[in-house]
Amino acid sequence: MGSHFRSYVWDPILIISQIILMQCIYYSFLGLWLAGVDGLVHTSRSLDQIFSYEVLGFSTTQGRLSMMAFILNSLTCALGLWFFIRRGKQCLDFTVTVHFFHMIGCWIYNAHLPAALSWWLVNVACMALMAVIGEYLCMRTELRAIPVNTAPKSNL
């Protein structure tokens, strides 16, 4: 009989609920970051800021601020990975899944795949940030020392 330390059990309901939770975290916090950015520069809110690839651009102030909101969102989502996924090995999987579903959402919203290079650069940078920071946080938690003996010592 082999050791079953941290054995992985296939639980599709847990995985699907974690995917839905991470997607909710992604869009909730992206909306909050974009609302904060819009409040700073007094612009109107729109779904275009989330799903339209034409909004993200280096040439306009609104485009640069939207990019900043996406990057800040990747940091918040890394915290979501740390709080809810808790496994360093799964951070890259969930990060790619979240961004894949976002790409599909952008595809449906725009009726074609995003064509702007800035959209792809921002999303690849956000994927890298979210995965690396989430994995770092999860690994720190996983490698924390496990107390072996917590009972008080008795004097014999």
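Residues numbered from 1 in each chain as written. Predicted model: local features only at pLDDT ≥ 70, side-chain atom pairs only at ≥ 80, totals over all residues. Heavy atoms only, no water.

Enquirer: Help me understand the overall build of the chain, please; the structure alone is not making it clear to me.
Expert: What the chain contains, in helices and strands, is five helices and zero strands. When its helices and strands are written in sequence order, the chain yields α-α-α-α-α. The buried share among the 156 residues of the chain stands at 35%. In the chain, the share of contacts with a sequence separation of at least 24, taken over all contacts with a separation of at least 6, comes to 74%. (Helix = DSSP H or I, 4+ residues; strand = E, 2+ residues; numbered from the N terminus. Buried < 20%, exposed > 50% of the residue type's maximum accessible area, 1.4 Å probe, protein only. Contact = heavy atoms within 4.5 Å.)

Enquirer: Could you clarify how one ought to interpret the packing of aromatic side chains in this entry?
Expert: Aromatic ring pairs are defined here through the distance separating the ring centres and the angle between the ring planes. The full count for this structure, using the stated rule, is six aromatic pairs. Aromatic pair Trp 119 and Trp 120: ring centres 4.8 Å apart, planes at 85°, arrangement edge-to-face. Trp 119 sits in the buried class, given a relative accessible area of 2%. Taken together through their ring pairs, the aromatic side chains of Tyr 26, Tyr 27, Phe 51 and Tyr 109 make up a single cluster. (Phe/Tyr/Trp six-rings, centres within 6.5 Å; stacked < 30°, edge-to-face > 60°.)

Enquirer: Is there a simple way to explain helix H4 (residues 88–110) in this structure?
Expert: Helical geometry note: an α-helix holds 3.6 residues per turn, so side chains three or four residues apart project in the same direction. If you check H4, its first and last C-alpha atoms are 34 Å apart, about what 23 residues at 1.5 Å a residue would give, namely 33 Å. Taken as a whole, H4 has its buried residues at Gly 88, Gln 90, Cys 91, Phe 94, Thr 95, Val 98, His 99, His 102, Met 103, Gly 105, Cys 106 and Asn 110. Along its buried surface, H4 packs onto helix H1 (12–41), helix H2 (48–51), helix H3 (61–85) and helix H5 (117–142). At the C-terminal side of H4, Ala 111 shows a positive phi close to 70°. (Expected span 1.5 Å × (residues − 1).)

Enquirer: Explain the UniProt feature "transmembrane region" (unreviewed entry) in the chain to me, please; I cannot follow it from the model alone.
Expert: Sequence positions flagged by UniProt for "transmembrane region" (unreviewed entry) are, in local numbering, residues 12–35, 65–85, 92–111 and 117–138. Each end of residues 65–85 is marked by a C-alpha atom, and these two atoms are 29 Å apart; helix forms 100% of the span and strand 0%. With 100% helix and 0% strand, the stretch residues 117–138 has end C-alpha atoms that lie 31 Å from each other. (UniProt positions renumbered as here; feature names shortened; annotations may be inferred.)

Enquirer: Would you explain the nonpolar core in this entry?
Expert: Generally speaking, soluble globular proteins have nonpolar side chains that are buried together. Residues Met 22, Phe 70, Leu 81 and Trp 119 are the most contacted members of the largest nonpolar core, which totals 28 residues. Elements represented by at least two residues in this core include exactly H1, H2, H3, H4 and H5. The element that contributes the greatest number of residues to this core is H3, accounting for seven residues. The contact partners of Phe 70, leaving out residues within four places of it in the chain, are Tyr 26, Leu 30, Gln 49, Ile 50, Leu 56, His 102, Val 122 and Cys 126. (Core = buried A, V, L, I, M, F, W, Y, C linked by side-chain atoms within 4.5 Å.)

Enquirer: Looking at this structure, I do not really get the environment of Leu 75. What am I missing?
Expert: Within the secondary structure, Leu 75 sits in helix H3. Looking at Leu 75, the relative accessible area reads 34%, which means it is partly exposed. It is 7.0 Å that separates the C-alpha atoms of Leu 75 and Leu 129, two residues lying 54 residues apart in sequence.

Enquirer: What is the right way to read H1 from this model?
Expert: Taking 1.5 Å of rise per residue, 30 residues should cover 44 Å, and H1 covers 43 Å from first to last C-alpha, within 8% of that figure. Listed in full, the buried residues belonging to H1 are Gln 18, Met 22, Gln 23, Ile 25, Tyr 26, Leu 30, Leu 34, Val 37 and Asp 38. Looking at the packing, one finds that the buried side of H1 touches H2, H3, H4 and H5. Trailing H1 by a residue or two, His 42 shows a phi angle of about 55°, which is positive.

Enquirer: Help me understand the confidence of the model for the chain in this model?
Expert: A low pLDDT means the predicted coordinates there should not be read in detail. Chain-level pLDDT for the chain is 88 on average; 89% of the residues reach the 70-or-more range. For the chain, the element scoring lowest by mean pLDDT is H2, at 90; H4 scores highest, at 95. (pLDDT = per-residue confidence, 0-100.)

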